[in-house]
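# Secondary and tertiary structure notes
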Amino acid sequence: MTELPEARPLTGITVVSVEQAVAAPFATRQLADLGARVIKVERPGGGDFARRYDTTVHGESSYFVWLNRSKESVTLDLKTDAGRAVLERLLAGADVFVQNLAPGAAARMGLGAEALAERFPALIPCAISGYGSSGPWADRKAYDLLVQCQTGLVSLTGNAHGTARVGVSVADIAAGMYAYSGILTALFTRATTGAVRAVEISLFEALAEWMGQPAYYTRFGGTQPPRLGTQHATIAPYGAYTATDGKDVLFSIQNEREWVALCEQFLGLPGLVTDPRFATGSARVAHRTEVNAIVAERFGELDSAEAMTLLDEAGIANAGVNDVDAFLAHPVLGERDRWRDVRIPGGAMVPALLPPADLSGVAPRMDPVPAAGEHTDSILAELGYSAADIEGLRAGRSI
């Protein structure tokens, strides 16, 4: 179907976000993908500190380029009366306000949900925090790895030699996803009932939801799942095995039909199907060492391409263990045309992946990544500030 930019579902929605790092910017970028106007409020003199996490993308941060396309940037010092006055004017015309300020900062500035409801009754506020706005840890700062540790995720990640951090900012991403879906739900509720609902997300509770399976396993099984590297803690065989060319191939047995196919078509050992040590999924997990030894012996007879071909023929899901370069060159992304060029500060064009949710007939926004404060003057003029007013704000270091 023809892509219709005017059909973007959030066209006409304005989001003001006092945001930094990952969680809030991820949520608002997804709103921008769908057509919302996102006005990103940054600190004067540097902006969002994620701009300086690294300099790998033509001098820009890989985090910032990923999270901030299609936004407008305005710099405001919210510690000044004049800066807060500008924010008030922005909020008066906004549909959604997102903030992930330090604990207690939003309330001190009158930006808590209750205070905002009094001044802007149609505004949907979304607060993203580390551990929630109440409770014993409400005042604690939280970063991604701290939350991975507090939820127990790190204790599940790694191998027998030690724990490991998940290699992406999974707590921030989880919080950003729930903020995004929560805001969409609040917008739908406002549109259909007129009711305005505040949205609150914490990194801890977002990742706690993702810990559901190991939580149940531990509570009712008496011990938590073991750390097994690329092996699966509760399914066997499920993991990576090394072929004769030194490459790893990962495959998974999800049901008894696949176990029969593995034994008969891949291993060439049909007798294993009725072996009581391997007759059920639980039995195979209990005898994981024996299962792995049998599978490893077969992999010792095949190179990776041969192994993957045989697994395919048996109808067993498998994959090579890619590095990031191999991911970037993946044929699925290339042949499905998932890359678009996006301009970054300084003028360079860099490839960016389309959002994963395709909406029929809708082209997502893939507009430039803004420089810090790039839109300050134009937004202030839009709010009714004169050139002299803007110069005065700049002289007073409020913008």
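For the structure given in this document, a descriptive report is provided here. (Residues numbered from 1 in each chain as written. Predicted model: local features only at pLDDT ≥ 70, side-chain atom pairs only at ≥ 80, totals over all residues. Heavy atoms only, no water.)

### Notes on the overall build of the protein chain
What the protein chain contains, in helices and strands, is 18 helices and 13 strands. Projected onto its principal axes, the C-alpha positions of the protein chain cover 85 × 45 × 40 Å. The buried share among the 399 residues of the protein chain stands at 45%. Restricting the contact set of the protein chain to residue pairs at least 6 apart, pairs at least 24 apart contribute 66%. Roughly 19,900 Å² of accessible area belongs to the protein chain as shown, and the carbon and sulfur atoms make up 55% of that amount. Counting 34 positive and 46 negative side-chain charges, the protein chain places the centres of these two groups 6 Å from one another. (Helix = DSSP H or I, 4+ residues; strand = E, 2+ residues; numbered from the N terminus. Buried < 20%, exposed > 50% of the residue type's maximum accessible area, 1.4 Å probe, protein only. Contact = heavy atoms within 4.5 Å. Areas by Shrake-Rupley, 256 points an atom, 1.4 Å probe, with all protein chains shown as cover. Lys, Arg positive; Asp, Glu negative; His and termini not counted. Charge placed at Lys NZ, Arg CZ, Asp CG, Glu CD.)

### A look at the pairing of strand S1 (residues 14–18)
Buried residues dominate S1, accounting for 5 of its 5 residues. Here S1 shows a buried face lined by Thr14, Val16 and Val18 and a second buried face lined by Val15 and Ser17. Direction of pairing for S1 relative to strand S2 (residues 37–42): parallel, over a ladder of 5 bridges. Across the sheet, residue Ser17 finds its bridge partner in S2, namely Lys40. Across 4 bridges, S1 lies against strand S4 (residues 96–99) in parallel orientation. Within S4, the position partnered with Val18 by the bridge is Gln99. (Pairing = 2+ DSSP bridges.)

### Some remarks on the packing of aromatic side chains
Tallied over the entire structure, the rule returns 12 aromatic pairs. On the numbers, 6.3 Å between centres and 15° between planes, the contact of Tyr216 with Phe220 is stacked. Taken together, the positions of Tyr216 and Phe220, both in helix H10 (residues 212–221) and 4 residues apart, correspond to about one turn of that helix. Judged by its relative accessible area of 59%, Tyr216 is exposed. Through pairs of rings, three or more aromatic residues link up here, namely Tyr241, Phe251, Phe266 and Phe299. Directly above the ring of Trp137 sits Arg140, whose terminal nitrogen or CZ lies 4.0 Å from the centroid. (Phe/Tyr/Trp six-rings, centres within 6.5 Å; stacked < 30°, edge-to-face > 60°. Lys NZ or Arg CZ within 6 Å of the ring centre and 35° of its normal.)

### Description of the nonpolar core
Counting residues in each nonpolar core, the largest one holds 35 residues, and the members touching the most others are Val15, Val98 and Ile128. Looking at this core, the elements with two or more residues in it are helix H1 (23–33), S4, strand S5 (124–129), helix H8 (170–193), strand S8 (199–202) and helix H9 (203–210). Of the residues forming this core, the biggest block, 9 residues, is contributed by H8. If near-sequence neighbours (up to four positions away) are discounted, Val98 is found in contact with Val15, Val16, Ser17, Val18, Ala24, Thr28, Cys126, Ile128 and Ile183. Residues Leu78, Leu87, Phe120 and Leu393 belong to the second largest nonpolar core, which totals 26 residues. (Core = buried A, V, L, I, M, F, W, Y, C linked by side-chain atoms within 4.5 Å.)

### Here we look at the packing of H8 against H9
Relative to each other, H8 and H9 sit at 95°, their axes nearing to 8 Å. Taken as axis vectors, H8 and H9 run roughly perpendicular relative to one another. Contacts from Val170, Ala171, Asp172, Ala174, Ala175 and Tyr178 in H8 reach Leu203, Ala206, Leu207, Glu209 and Trp210 in H9. Looking at the contact of H8 with H9, its residues break down into 9 nonpolar, no polar and 2 charged. (Axes fitted to C-alpha atoms, helices over the stretch in contact; angles between N-to-C directions. Parallel < 35°, antiparallel > 145°, perpendicular 65-115°, else oblique. Nonpolar A, V, L, I, M, F, W, Y, C, P; charged D, E, K, R; others polar.)

### Quick notes on helix H3 (residues 81–92)
Here H3 spans 17 Å end to end across 12 residues, near enough to the 16 Å set by a 1.5 Å rise per residue. Inspection of H3 places Gly83, Val86, Leu87, Leu90 and Leu91 among the buried residues, and these make up the whole buried set. For H3, the angular spread of buried residues about the axis comes to 140°, placing them on one side. Exposed residues pointing more than 90 degrees away from the buried face of H3 are listed as Asp81 and Ala92. (Expected span 1.5 Å × (residues − 1). Arc of directions from axis to C-beta.)

### Observations concerning the sheet that holds strand S10 (residues 248–252)
Here we have 3 strands laid out as an open sheet, ordered S9-S10-S11, and antiparallel in their pairing. At either margin of the open sheet sits one strand with a lone partner, and together these are strand S9 (238–242) and strand S11 (318–320). Taking each pair of neighbouring strands and ignoring which way they run, the sheet shows an average axis angle of 25°. Bridging between S10 and S11 involves 3 bridges; their strand directions are antiparallel. In the sheet register, Phe251 faces S11, and the bridge partner there is Asn318. Its contacts with the sheet place helix H14 (residues 304–313) against S10 and S11, and it is angled at close to 160° to S11.

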